[in-house]
Amino acid sequence: MNTIMDIIDGLTAWIGLPEWLQSWVHTGSSTLILIVTITVPLMLAVAYLTFAERKLIGYMQARIGPNRVGPRGWLQPIADAVKLMFKEIILPTNANKFLFIIAPILSIGPALAAWAVIPFDDGLVLANVDASLLYILALTSVGVYGVIIAGWASNSKYAFLGAMRSAAQIVSYEIAMGFALVGVLMAAGSLNLHDIVTAQSGNFTDWYIWPLFPLFLVYFISGVAETNRAPFDVAEGESEIVAGFHVEYSGMTFAVFFLAEYANIILISTLTAIMFLGGWHPIWDVAPFNWIPNIVWLLGKIAFFAFFFLWFRATFPRYRYDQIMRLGWKILIPVTLVWIIVMGSAMFLTPYGDFFH
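Residues numbered from 1 in each chain as written. Predicted model: local features only at pLDDT ≥ 70, side-chain atom pairs only at ≥ 80, totals over all residues. Heavy atoms only, no water.

A. Molecular detail of the overall build of the chain. Counting its secondary structure elements, the chain contains twelve helices and zero strands. Each helix and strand of the chain, ordered N terminal to C terminal, gives the series α-α-α-α-α-α-α-α-α-α-α-α. Sorting the 357 residues of the chain into buried and exposed places 45% on the buried side. Summarising the internal contacts of the chain: among those between residues at least 6 apart in sequence, 76% fall at separations of at least 24. For the chain, the exposed area adds up to about 17,900 Å²; of that, 70% sits on carbon and sulfur atoms. (Helix = DSSP H or I, 4+ residues; strand = E, 2+ residues; numbered from the N terminus. Buried < 20%, exposed > 50% of the residue type's maximum accessible area, 1.4 Å probe, protein only. Contact = heavy atoms within 4.5 Å. Areas by Shrake-Rupley, 256 points an atom, 1.4 Å probe, with all protein chains shown as cover.)

Here it is as structure tokens:
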């Protein structure tokens, strides 16, 4: 990156731009390079997560999975992307064309923008925002608008029903996720993701998964529901509402919704690793564990949680809509509230508060 920036600085100086403009170009170029460095591998990870899912579920069901395109099927995601790029985008009659096109962007935008504050290592973050946890919560709340707008703009009763069910589910489980993160905030004493990871430095016994285990379970289960993944994928109940809020979509507009779903899977896995499993920290801060680069530890933890998303889809049957609502409102939210009260009481009223730090 330094070499690229040296070339850009040399070009701006050779052209003879004013110093203030050279500084502006330098800052903008470095930020753009960092964004591309994060986004390109993320898009590749999203594409190959679909391949991993098809292969994994195939093995679990005694099938082979994709094996025709490229060696052992490794080029299947590329073939799928090319196919969808050349498919026609059909606009339903009387649909709101602007909202119909903007809805997929509203779904994938927050899933990508959230990575601006994700710390990959000590000092390796695009924007070290003090309230980065609040930024994440605000962005993930925006994604529901893409779902609602997609269902409404399609001018289809099936799509609208799917949007209402999916939006109600997302909003319900966002509350449980938010309360679960309140426990992390109380333990770390900071809204900064870097500080939260730093507070878990040391060995695996210092990770927040142990004192906050109920909140960890609630957060991860809510994350599965938040991404509309099985067994919470009632928005795609084929026998009930065809395919949910995106039933009228085709081509790349259809593909963007699924890119958003898999990008959210990786984002939830990353946040779970950061909040509860020490982020980039190794299991033990001794050799040979600390010989492995920190970012490799973070990627390994992300892959570990992403595997559970795929495993759940191959294992559990779909819940009924009333069962999903009952789980969110009557079990997960009360569990988080009770544990927050237990945490607060232990931290401020007893000498055992250090257990939660």
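B. The arrangement of unusual backbone geometry in detail. Put simply, A230 and P231 share a cis peptide bond, and its omega is 5°. You can see P231 is positioned in the loop between α8 (213-226) and α9 (238-241). Positive phi, normally seen in glycine, also occurs at N155, with a value near 55°. By secondary structure assignment, the location of N155 is in the loop between α5 (132-153) and α6 (157-188).

C. Expanded view of the pattern of salt bridges. Using the criterion set out here, one finds seven salt bridges in the structure. Between R229 and E261 there is a salt bridge, and its shortest N-O distance comes to 2.9 Å. Note that R229 is positioned in the loop between α8 and α9 and E261 in helix α10 (residues 251-276), a separation of 32 residues in sequence. Comparing R229 with E261 shows no difference in burial state: the two are buried. The shortest N-O distance in the salt bridge between D233 and R318 comes to 3.1 Å. With a gap of 85 residues between them, D233 in the loop between α8 and α9 and R318 in the loop between α11 (294-315) and α12 (321-349) connect regions that are remote in the sequence. (Salt bridge = Lys/Arg side-chain N within 4 Å of Asp/Glu carboxyl O.)

D. Focus on the confidence of the model for the chain. Mean pLDDT over the chain: 86, with 90% of residues reaching 70 or higher. At the low end of the mean pLDDT range in the chain sits α9, at 57; at the high end sits α8, at 94. (pLDDT = per-residue confidence, 0-100.)

E. Here's a closer look at the nonpolar core. In this structure, I118, L193, M275 and F276 are the most contacted members of the largest nonpolar core, which totals 63 residues. Elements represented by at least two residues in this core include exactly α2 (19-60), α5, α6, α7 (193-198), α8, α10, α11 and α12. Counting residues per element, this core draws most heavily on α10, which supplies eleven residues. Discounting chain neighbours no more than four positions away, the residues touching F276 are V184, Q200, W207, Y208, I209, L212, L215, F216 and Y219. (Core = buried A, V, L, I, M, F, W, Y, C linked by side-chain atoms within 4.5 Å.)

F. Structural detail: the side chain of Q200. Relative to the assigned elements, Q200 resides in the loop between α7 and α8. For Q200, a relative accessible area of 0% gives the class buried. At 3.1 Å, the side chain of Q200 and the backbone nitrogen of Y208 are in polar contact. Residue contacts for Q200: discarding those within four places in its chain leaves D206, W207, Y208, I274, M275, F276, L277, G278 and H281. (Polar contact = N/O pair within 3.5 Å; in protein donor to acceptor, adjacent residues only side chain to side chain.)

G. Examining α12 more closely. An ideal rise of 1.5 Å per residue puts 42 Å on 29 residues; α12 measures up with 41 Å between its terminal C-alpha atoms. Approximately 30° is the largest bend angle found in α12, and it occurs at L327. Along α12, the residues classified as buried are I324, M325, G328, L332, I333, T336, I340, M343, G344, A346 and M347. Along its buried surface, α12 packs onto α6 and α8. (Expected span 1.5 Å × (residues − 1). Bend = angle between axes of the 7 residues up to and from the residue.)

H. Geometry of the environment of L124. Inspection of the secondary structure assignment puts L124 in the loop between α4 (97-113) and α5. Since its relative accessible area comes to 42%, L124 is described here as partly exposed. The sequence separation of L124 and I295 amounts to 171 residues, and the corresponding C-alpha distance is 9.3 Å. Discounting chain neighbours no more than four positions away, the residues touching L124 are I118, P119 and I295.

I. Structural view of a nonpolar patch on the surface. Where nonpolar side chains cluster on the molecular surface, the patch consists of L75, I78, V82, M85 and F86 and spans about 530 Å² of accessible area. Among the structural elements, F86 can be located in the loop between α3 (76-85) and α4. The class for F86 is exposed, based on a relative accessible area of 72%. (Patch = residues over 30% accessible without salt bridge, like charges linked within 9 Å, V, L, I, M, F, W, Y side chains within 5 Å.)

J. How the structure looks around α4. Relative to the 24 Å expected for 17 residues at 1.5 Å per residue, α4 spans 25 Å between its end C-alpha atoms, a close match to the ideal helical length. At A103, α4 is bent by approximately 25°, the largest bend along its length, and proline P104 sits one to four residues beyond. Those residues of α4 hidden inside the fold are in contact with α5 and α10.

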